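Take a look at the letters that make up each chain.
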Amino acid sequence: MEKISVVVPCYNEEKALPLFYEELKKNITDFSRNVEFEIILVNDGSKDNTLNVIKSLSKKDDRIKYISFSRNFGKEAAIYAGLENASGDYVTLMDADLQDPPSLLKEMYKSVTDEDYDAVGTRRVDRKGEPIIRSFFARLFYKLINKMTNFEMVDGARDYVFMKRNVVEAILSLKEYNRYSKGLFSFVGFNVKWIEYQNIKRVAGETKWSFWKLTKYALEGITAFSTAPLLISSGIGLLFCLISFLLILIIIFKTIILGDPTSGWPSLVCIIFMVSGIQMFSLGIIGQYLSKTYLEIKKRPLFFIKDSNIEK
Ligand code: UDP
Ligand code: MG
């Protein structure tokens, strides 16, 4: 008998969860004769009735396990907790809002069992129903991050993945505090098959991602996997040194040969502004890495569990 663990991070999903459960159930009954399921719902400190919904679901169906955090620790922490507690030979990650169709599970399972893949990832081929600006910045982000890292991050990749045990162990062994799941999944490598599907709107409830939160998340992704920004700021610094050196030569030449009287202080002010701006920018970049290091070095647990029905 093989076991598939379905890990679902849930934050304020009281409306979506019952629908999600019904849909998942439909897809996992008669899945295959020698496969059993385990559904791990991680309540990430929801402020609504999510925990009660989860508990009542777990009473109805003993395949449902739950972990409830002491407060909201973020999706990445919820994913980690779920993976850590999953006991399946295969583990899949899914959103609670049905944006990740459970109907793909069969195909994913086949790919890892019959086709010699270690994992299956999913990507959406379009960004329908998403603001245009958001799509634009998302594309830009993938272009940038792929230039800066030496492994590929797939544009439009979702967190919906299906993994063999060895991939799960690899991801769990990355114990960093600043977790960027899509990056971690690409980082560990292995033989990954990509399945594409159209973007689906969430069934109920609201997205937790504002534009600002996404921007922060994107920057985190970059700092977590690349030190290229540091190199860029050093490059800009060097470039400016060269320019100023040339300017000094020109000024000396003009003063000595042409006897140019002192003038041009407005341009001086502009230069001071620009250079100090660049300095602040570079300091900011260094600060980003420093703050990440600071958070890593404290080695704080990723989450605290308040309630769970999983016995360890
Ligand atoms: N989520 C979570 N903790 C958070 C934010 C989100 O566990 O702090 C969960 C959420 O319940 C959902 C998944 O992560 O199952 C994806 O969130 P959402 O649908 O809001 O993101 P989107 O699909 O819009 O990117
Ligand atoms: Mg969603």
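As the structure is a prediction and not an experimental result, all values here were calculated from the model.

Asks: Sorry, what's going on with the pairing of strand 3 (residues 64-69) here?
Replies: Regular strands place side chains that alternate from one sheet face to the opposite one. The buried fraction of strand 3 is high, at 5 of 6 residues. Inspection of the sheet shows strand 2 (residues 35-43) paired to strand 3 by 5 bridges, in the parallel sense. Residue Ile40 lies in a different strand from strand 3, and its bridge partner there is Lys65. Taken together, the 3 bridges between strand 3 and strand 8 (residues 305-308) define a ladder with antiparallel strand orientation. For Ile67, the partnering residue across the bridge sits in strand 8 and is Ser308.

Asks: I keep staring at unusual backbone geometry and nothing clicks. Help me out?
Replies: Across the chain, the bulk of peptide bonds are trans and the bulk of non-glycine residues have phi less than zero. Here the phi dihedral of Asp30 falls at roughly 55°; this positive angle occurs in a residue that is not glycine. Mapped onto the elements, Asp30 comes out in the loop between helix 1 (16-28) and strand 2. In this structure, Phe190 is a non-glycine residue whose phi angle is positive, near 70°. Counting through the fold element by element, Phe190 comes out in the loop between helix 7 (181-188) and strand 7 (192-197).

Asks: Would you mind showing me how to read the environment of Met153 here?
Replies: Mapped onto the elements, Met153 comes out in the loop between helix 5 (132-148) and strand 6 (157-164). When the C-alpha atoms of Met153 and Ser186 are compared, they prove to be 6.0 Å apart, with 33 residues separating the residues in sequence. When residues no more than four places from it in sequence are discounted, the contact partners of Met153 are Tyr142, Ile145, Asn146, Tyr180, Gly183, Ser186 and Phe225.

Asks: What exactly am I supposed to notice about the packing of helix 5 against helix 8 (residues 211-225) here?
Replies: Each packed pair of helices is defined by two parameters, the angle between the axes and the distance between the axes. Where helix 5 meets helix 8, the closest approach of the two axes is 10 Å, and the angle between their N-to-C directions is 10°. What the angle tells us is that helix 5 and helix 8 run roughly parallel. Judged by residue contacts, Arg134, Phe137, Phe141, Ile145 and Met148 of helix 5 engage Phe211, Leu214, Ala218, Gly221 and Ile222 from helix 8. Class assignment for the residues of the contact of helix 5 with helix 8 results in 8 nonpolar, 1 polar and 1 charged.

Asks: Explain the packing of aromatic side chains here, please?
Replies: Describing an aromatic ring pair means giving the distance of the ring centres and the angle of the ring planes. Applying the stated criterion across every chain, the model contains 17 aromatic pairs. Here the aromatic rings of Phe141 and Tyr142 are separated by 5.2 Å at their centres, their planes lie at 65°, and the arrangement is edge-to-face. Side by side, Phe141 and Tyr142 carry an identical accessibility label, which is buried. Among the aromatic residues, ring-to-ring pairing joins Phe141, Tyr142, Phe151, Tyr180, Phe187, Tyr217 and Phe225 into one connected group. Taking NZ or CZ as reference, Arg71 lies 3.9 Å from the ring centre of Phe73, over its face.

About the cut-offs
- Residues numbered from 1 in each chain as written.
- Chains lettered and ligands numbered in written order.
- Predicted model: local features only at pLDDT ≥ 70, side-chain atom pairs only at ≥ 80, totals over all residues.
- Heavy atoms only, no water.
- Buried < 20%, exposed > 50% of the residue type's maximum accessible area, 1.4 Å probe, protein only.
- Helix = DSSP H or I, 4+ residues; strand = E, 2+ residues; numbered from the N terminus.
- Pairing = 2+ DSSP bridges.
- Contact = heavy atoms within 4.5 Å.
- Axes fitted to C-alpha atoms, helices over the stretch in contact; angles between N-to-C directions.
- Parallel < 35°, antiparallel > 145°, perpendicular 65-115°, else oblique.
- Nonpolar A, V, L, I, M, F, W, Y, C, P; charged D, E, K, R; others polar.
- Phe/Tyr/Trp six-rings, centres within 6.5 Å; stacked < 30°, edge-to-face > 60°.
- Lys NZ or Arg CZ within 6 Å of the ring centre and 35° of its normal.

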